[in-house]
Amino acid sequence: MSFYTSLTGLNAATAMLGVTSNNISNVGTTGFKRSRADFGDIFATSPLQKASSTVGQGVSLKQVSQEFSQGNISFSSNALDLAVTGDGFFPMRSADGLQELFTRNGSFLLNEQFNVVNSSGQRLMAATVDSTGSANVNERVVLTIPQKTSGDAKQTSLVSLGLNFPADAGVISETFNRSNPATYNKSTAFTVYDNGGNGYLATIYYVKTANANQNVPFNKWQTHVFIGEDQVNASLVQATDANNEKIYVNQYGQTAPYSQVKDELTTAKTLLFSLDELTAKKTSVAAEVTGNAVDESSYDWIVGKTKSELSTLLVTEAFSVDVDNSGVPVKVDLSKLATLPSTTKITGDMIAEEATNQLIKGFGVARTSTDAQGVVTRGAERYGMKVIFDAVNKKFVVQSGTTGDSSSVLVSAVKTSAATALGLKAGEVPKEVKATRGIVSTAATAFGTTPTVNISTNFNVDSTNNKFIVTVDGIKSTVYVDVGEYSLAEFSAALQTKINAMAETRSDGLTPKEINGVKVEFDQEKKCFKFTSGTTGADSFIKISGEPIWGLSAVEAGRGATSTWIQPTQHVDYNNGTPQPKYIDGEGNETTNSDGYVGLPAWSPVYLDKGELTFDTGGNLVSPVEGTQLETVYLAGGKGALTINIDYSASTQYSSAFAVLSQSQDGAPEGDLVGVTIGNDGLVSASFSNGSQKSLAKILLVNFSSPVGLRQIGDSSFLASAASGKPILGTPGSAGFGTLRAGATERANVDLTQELVDLITAQRNFQANAKAIETSSTMTSAIINLRS
């Protein structure tokens, strides 16, 4: 019986030797977990036997189990190599896709389908992730590393260019030709992309077309854009001001930003106006009625005539004039000319001056007239009317007092003989709706300085401060304000009345020129007295001096200005020499169709020349602030179309050389894989050559309630079993799971020293059991030999 007992010992020693040898042989296997042989004694007895006197029957191998202690970490240059630090297994799928396997071997690579696999072809499973990198544990896929992006290609829609244009660049007037470098100053090139990620070379040529000057203080550059070999024209871009507000223009060429005119804008069709073409400057003129030419070069026949004789000649109350539809005309009587000495030579200028002074006097006061029905009409004051004599054409001209289309003049009641003698004729020039004569001119304005007297309360005017020297429209006079106590309003009114009572001094008996319409007011913003002439235009003049307490000791003279205006000109394109006038429809689109155009609205949009860049004298970009929108270019081969906006807002024009300061565009091709990173939490991210970053998946770990119960199948892989329990999924770093280390693998947890000791132990056990068999055999032989 002892022979068989020792035989079980030999088998156990052999098993132990095999397990130890297996451990030693796999010391270099990545992720290998050492095995351990577990033994149990054999003991058999029956219920009727005394157990204390029963001898055991040897030993048996119960199981070979794995020890899942942590192995050492070995680093590598492969970004896909992974090591688990702590508990957990990599979930794998067999090459045929039928079995779920588990391993600690993190030595991975890519197969021909770009799946992450191990050397046995088993594929690594991972959870899908959303855009934030959060994993969906219930949705697992084979981890795949794409070599190219898919769907990341983006069509170019915006190009941002920051350039410096040299301020000293020469203006080029020669027609642009991209094949001739002499026809452009500089160029830049970059790549744009269609929606499939295909790249196209875009080239922009820059031509300086104008230097800043006194009339147009802007430097201008024209751009010419090519995509491949196709030229792409710029779309219309509405001009903007320094605050990036769109600009509109009225019929007088006056421009205003959107915020000022938004309530007056309509959707009516209008003409297309170019900002660069707003150059037809005109001087505003008054409404005027011109008489017929007369043969006489002098009018000496008037001298010495009695009023009765002049009445016969019909030059008393020769004609009437109304201005701006005041409703009460002023009659002109030339009878005073008859009182001049016989030696006086009467000229057309003298007659015109006399008529002018009578109009100034008549319109300078409020007037009334009563018709046959007793209706009273009150005529408002008007200033600055003129009658001039055109010595070249021998004609008298009657002008309204102000320039612009809002003024009107009516000459009526012209007596027949006066018309014959003076060429006068009845006529009316009404107010205009369309731009014809321009806008109102400005009056002369003078400002004092802050008074030293306390004007917030009543103050006294006495003989030391009531003197004022005033010059208005060529008439100079000293005026005195009555001594007394005044409020500010009362003093201003009193001084105004004194100034408007001024008149020139004449000794010839003719009508003196009077001053009317001057306004005196206190400017609350500037804290000083303000003086405004009643007349307007370049001939208007006002100057006043007074005592320092009024702030009038050093007043600069004020001069009016005759206004100018610009007649907007409709933009015209030429197609093979044929002019094509352009319009803007209600939706802001350019068209050559005039249908629906009934006239200019109050305000029309004004546009830049297509593709033009404008810089001020400080080198700052004025327009286009919102970029140059290019027309749609259709790509060859049906690859779609590109609509690109080029933003030059970061560009300058300084004295330094041409330079590309910044350049970017929002298009992108499909990207090639340039790198993969795996975080400690298992998140797999890929970097691509187009600059995109993608979270591909999150590697999960699997744990078991009893890892010792896993079924070993080789290649450092295991299958779940009833003994191990069901697999438990989790993310690396969460409770119960270790973390991942990329670029590293876990070495076998075999301790060679321990294995060698176990090897010696197994050898000794084998020898001892063999000796027991030998002893048993000797004893058996001795028994057999007893018979002999």
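Whatever comes next refers back to the structure up there.
What counts, and where the lines are drawn
- Residues numbered from 1 in each chain as written.
- Predicted model: local features only at pLDDT ≥ 70, side-chain atom pairs only at ≥ 80, totals over all residues.
- Heavy atoms only, no water.
- Pairing = 2+ DSSP bridges.
- Helix = DSSP H or I, 4+ residues; strand = E, 2+ residues; numbered from the N terminus.
- Patch = residues over 30% accessible without salt bridge, like charges linked within 9 Å, V, L, I, M, F, W, Y side chains within 5 Å.
- Areas by Shrake-Rupley, 256 points an atom, 1.4 Å probe, with all protein chains shown as cover.
- Salt bridge = Lys/Arg side-chain N within 4 Å of Asp/Glu carboxyl O.
- Buried < 20%, exposed > 50% of the residue type's maximum accessible area, 1.4 Å probe, protein only.
- Contact = heavy atoms within 4.5 Å.
- Expected span 1.5 Å × (residues − 1).
- Arc of directions from axis to C-beta.
- Phe/Tyr/Trp six-rings, centres within 6.5 Å; stacked < 30°, edge-to-face > 60°.

A. Geometry of the sheet that holds strand E43 (residues 590-591). Across the sheet, which stays open at both edges, the 3 strands sit in the order E18-E42-E43 with antiparallel pairing between neighbours. Each end of this open sheet is capped by a strand with a single partner; those strands are strand E18 (270-271) and E43.

B. Broad picture of a nonpolar patch on the surface. Side chains of Phe3, Tyr4 and Leu7 sit close together on the surface and give an oily, nonpolar patch of about 300 Å² of accessible area. Here Phe3 is to be found in helix H1 (residues 2-25). Its relative accessible area of 37% is what places Phe3 among the partly exposed residues.

C. Structural context of the pairing of strand E27 (residues 395-403). Burial analysis of E27 places 7 of its 9 residues in the buried class, the great majority of the element. When strand E21 (residues 286-290) meets E27, the two strands line up antiparallel, connected through 4 bridges. The residue of E27 that forms the bridge with Glu288 is Gln399. Examined bridge by bridge, strand E26 (residues 386-390) and E27 share 5 bridges and lie antiparallel to one another. Following the sheet pairing, Val387 is matched in E27 by Val398.

D. Structural view of the side chain of Asn466. Relative to the elements of secondary structure, Asn466 occurs in the loop between strand E31 (459-461) and strand E32 (467-472). If we skip the residues at most four places from it in the chain, Asn466 touches Val461, Val479, Tyr480, Val481 and Val483.

E. Examining helix H6 (residues 488-499) more closely. Taking 1.5 Å per residue, 12 residues should reach 16 Å; H6 reaches 17 Å between its end C-alpha atoms and fits that length. Looking only at H6, the buried set comprises Leu488, Phe491, Ser492, Ala494, Leu495 and Ile499. Viewed along the axis of H6, the buried residues span an arc of 165°, placing them on a single side of the element. Exposed residues lying more than 90 degrees from the buried face of H6 are Ala489 and Thr497.

F. Just unusual backbone geometry, in detail. Residue Pro624 is reached from Ser623 by a cis peptide bond, and omega for that bond is 0°. Topologically, Pro624 is positioned in the loop between strand E46 (621-623) and strand E47 (628-629). Backbone geometry places Lys394, a non-glycine residue, at a positive phi of 55°. Note on placement: Lys394 falls in the loop between E26 and E27. On the accessibility criterion, Lys394 (27% relative accessible area) is partly exposed.

G. Structural view of the packing of aromatic side chains. The final tally for this structure, using the stated rule, is 28 aromatic pairs. Ring geometry for Tyr248 and Tyr258: centres 6.4 Å apart, planes at 45°, overall tilted. Here Tyr258 lies in helix H2 (residues 258-261) and Tyr248 lies in strand E16 (residues 247-249), a separation of 10 residues in the sequence. With relative accessibility at 10%, the residue Tyr248 sits in the buried group. Here the aromatic rings of Phe468 and Phe491 are separated by 6.1 Å at their centres, their planes lie at 55°, and the arrangement is tilted. In this pair, Phe468 is assigned in strand E32 and Phe491 in helix H6, connecting sequence segments 23 residues apart.

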